[in-house]
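Fold and contact review
Read off the chains here:
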Amino acid sequence: MAQLWQGRFSKAVDSRVNDFNSSIRFDQRMAHQDITGSMAHAAMLGAQGIISQKDADEILSGLEGILNDLESGALAIDPEAEDIHTFVEQTLTARIGDAGKRLHTGRSRNDQVALDIRLTLRDMGRSLQQQLAELVETLCKKAAENTASVMPGYTHLQRAQPVTMGHQLMAYVWMLLRDLDRFEDALARMNSQCPLGSGALAGTTYPLDRQRTAAALGFDGPCPNSLDGVSDRDFCIELAGAISICMMHLSRLSEEIILWSSWEFKFIELDDAFTTGSSIMPQKKNPDVTELIRGKTGRVYGDLNTLLVMMKGLPLAYNKDMQEDKEAIFDAVDTLALCLRTVTPMLDTMRTLPENMRAAAAKGFINATDCADYLTKKGVPFRDAYKLTGSLVAHCIANGTTLEALPMETFKSFSPVFDEGVYEAIDLIRCTEGRASEGGPCAASVTKQIKQAGEQLAAWKEKHHAEV
Ligand code: ARG
């Protein structure tokens with residue numbers, strides 16, 4: 001396939017340069033969006049009388065034919081073409097003749113590609129949101145099953161205070177709902193300004209109707225500055241940023257799953273179908289999925305970094321460096337999609353082991369704060385109560401016992417304030433249920449969180465009812 005930019009050149013481009021320059025390998029994913037954008041442009045050219053209505057009609061039906069043939073497989077993308085824009089335009093011209101050559105009137109590949117990426121990422125972003133919503137639903141379901149599963153909550157990975165598995169899982173739901181929101185925000189901005197009509201960099205002398213093309217393509221309006229229109233890639237960076245944060249959340253959850261599925265914790269058991277074995281150690285059942293998510297998070301941060309560094313030194317307006325945007329952002333999108341596709345069923349089939357969580361909760365003195373609070377409520381100043389309980393814990397450690405197993409005389413020997421009520425105050429279930437402050441781990445709070453999360457998700461679904 002020949003170059004679009006013949007005329008000035010006396011030699012064909014060196015095949016090595018052609019290979020180096022070519023983006024068809026990765027921008028062919030935008031074929032559909034490229035054609036959609038061209039249709040809006042051609043219809044506008046016809047309506048404005050910039051090309052004849054006859055030519056516009058021929059272009060439109062030609063483009064539709066290309067779209068259908070690409071979808072049916074009757075037309076294959078030429079891997080030798082420089083990029084998807086070249087391929088579509090040249091195929092059109094080969095099919096309909098001179099009218100095809102009029103399609104690019106008042107347009108440049110610079111505004112064309114800026115449009116195509118937006119249209120493509122818009123679809124990809126919505127699909128990621130859909131996958132995220134499914135993950136949120138799965139986590140809420142698991143949380144609902146575990147509102148009473150007491151486990152140690154950790155700080156510094158040291159047992160700290162009692163929580164429930166339901167509460168812990170809901171923490172991830174809130175992170176993921178913020179991700180959903182961040183995608184929403186990034187997509188709204190991506191959809192607000194249409195770059196089509198910016199031309200190569202300085203607009204055009206043709207009387208384009210940019211309002212019309214922007215509206216036809218689902219944008220709020222045209223971008224107000226042609227230089228910015230062709231050279232803005234903020235929307236790629238924003239999406240990569242939102243994806244990176246989401247990957248960070250998945251990676252943290254993965255890390256917990258890795259810990260929880262180890263023999264040291266055994267709070268959960270992953271389904272056999274979502275684990276792998278070892279080629280040499282017959283006993284192994286490895287949480288590969290979660291380790292890969294943790295690993296791929298670094299790769300996505302790399303994509304974000306690629307975009308940020310790619311843009312930072314570019315003078316206005318378009319520079320070929322920007323062709324590197326697509327591989328980076330598509331990789332970030334694909335990686336998150338792959339992770340979500342696997343992690344959701346993995347969590348859905350995961351079995352929680354409440355007995356083991358409970359046993360761990362019984363061991364780490366996670367009711368020590370409650371013991372101090374008990375004394376405080378009986379009039380001991382908190383600092384004194386804290387110190388006294390600390391000595392009790394030291395005594396327990398020295399004697400290999402736990403607070404709840406201490407006889408009353410031992411409690412009394414530390415402070416006469418203690419009475420039988422202490423056993424109730426430091427009972428694990430009571431300690432958990434007693435944490436009824438808003439957003440706390442008690443069952444009622446977790447149930448409320450599940451309801452709130454469900455409402456937020458329902459509102460999002462309602463908003464996108466037509467699309468989803
Ligand atoms: N393949 C190019 C890209 O992705 C399309 C724009 C080409 N524009 C140019 N002036 N060479 O950025």
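Quick caveat: nothing in here was measured; it's all calculated off a predicted structure.

Once that is clear, we can look at the site of the ligand. In the vicinity of the ligand, the contacting residues are Ser-23, Asp-83, His-85, Arg-109, Asn-110, Val-113, Tyr-318, Gln-323 and Lys-326. Between a nitrogen atom of the ligand and a side-chain N or O atom of Asn-110, the distance comes to 2.9 Å. Contacts to the ligand include Tyr-318, whose side-chain N or O atom sits 2.4 Å from an oxygen atom. If the ligand stood free it would expose 350 Å²; the protein chains cover 86% of that surface. The greatest single-element share of the shell around the ligand, amounting to 3 residues, is contributed by helix 7 (residues 109-145).

Along a regular strand, successive side chains alternate from one face of the sheet to the other. When strand 1 (residues 150-155) meets strand 2 (residues 158-164), the two strands line up antiparallel, connected through 6 bridges. Directly across from Val-150, in strand 2, lies its bridge partner Thr-164. Between strand 1 and strand 2, which pair antiparallel one after the other, the connecting turn spans 2 residues, and His-156 there sits at a positive phi close to 55 degrees.

Moving on, we get to the pattern of salt bridges. As a working rule, side chains carrying opposite charge can pair if their charged atoms are close by. Evaluated as defined, the whole model comprises 31 salt bridges. Among the salt bridges present, the one from Glu-82 reaches Lys-320, with a minimum N-O distance of 3.7 Å. One end of the pair, Glu-82, is in the loop between helix 4 (53-72) and helix 5 (84-96); the other, Lys-320, is in the loop between helix 12 (288-312) and helix 13 (325-348), with 238 residues separating them in the sequence. Across the pair Arg-189 and Glu-238 runs a salt bridge whose closest N-O atoms are separated by 2.8 Å. Of the two residues, Arg-189 is situated in helix 8 (residues 165-190) and Glu-238 in helix 11 (residues 234-260); the sequence distance between them amounts to 49 residues.

Here we come to the nonpolar core. In a soluble, globular protein the nonpolar side chains are often hidden away together inside. Core analysis: the biggest nonpolar cluster contains 96 residues, and Leu-121 and Ile-243 have the highest contact counts within it. Considering each element in turn, this core owes the most residues, 13 residues, to helix 11. Excluding residues within four positions of it along the chain, Leu-121 makes contact with Leu-187, Met-190, Phe-235, Cys-236, Leu-239, Ile-329, Phe-330 and Val-333. With 20 residues, the next largest nonpolar core counts Leu-388, Leu-392, Phe-411 and Phe-418 among its residues.

Quick look at the environment of Leu-67 now. Following the sequence through the fold, Leu-67 ends up in helix 4. Along the primary structure Leu-67 and Phe-9 are separated by 58 residues, whereas in three dimensions their C-alpha atoms are 32 Å apart.

Definitions and limits used
Residues numbered from 1 in each chain as written. Predicted model: local features only at pLDDT ≥ 70, side-chain atom pairs only at ≥ 80, totals over all residues. Heavy atoms only, no water. Near = heavy atom within 4 Å. Polar contact = N/O pair within 3.5 Å; in protein donor to acceptor, adjacent residues only side chain to side chain. Areas by Shrake-Rupley, 256 points an atom, 1.4 Å probe, with all protein chains shown as cover. Helix = DSSP H or I, 4+ residues; strand = E, 2+ residues; numbered from the N terminus. Pairing = 2+ DSSP bridges. Salt bridge = Lys/Arg side-chain N within 4 Å of Asp/Glu carboxyl O. Core = buried A, V, L, I, M, F, W, Y, C linked by side-chain atoms within 4.5 Å. Buried < 20%, exposed > 50% of the residue type's maximum accessible area, 1.4 Å probe, protein only. Contact = heavy atoms within 4.5 Å.

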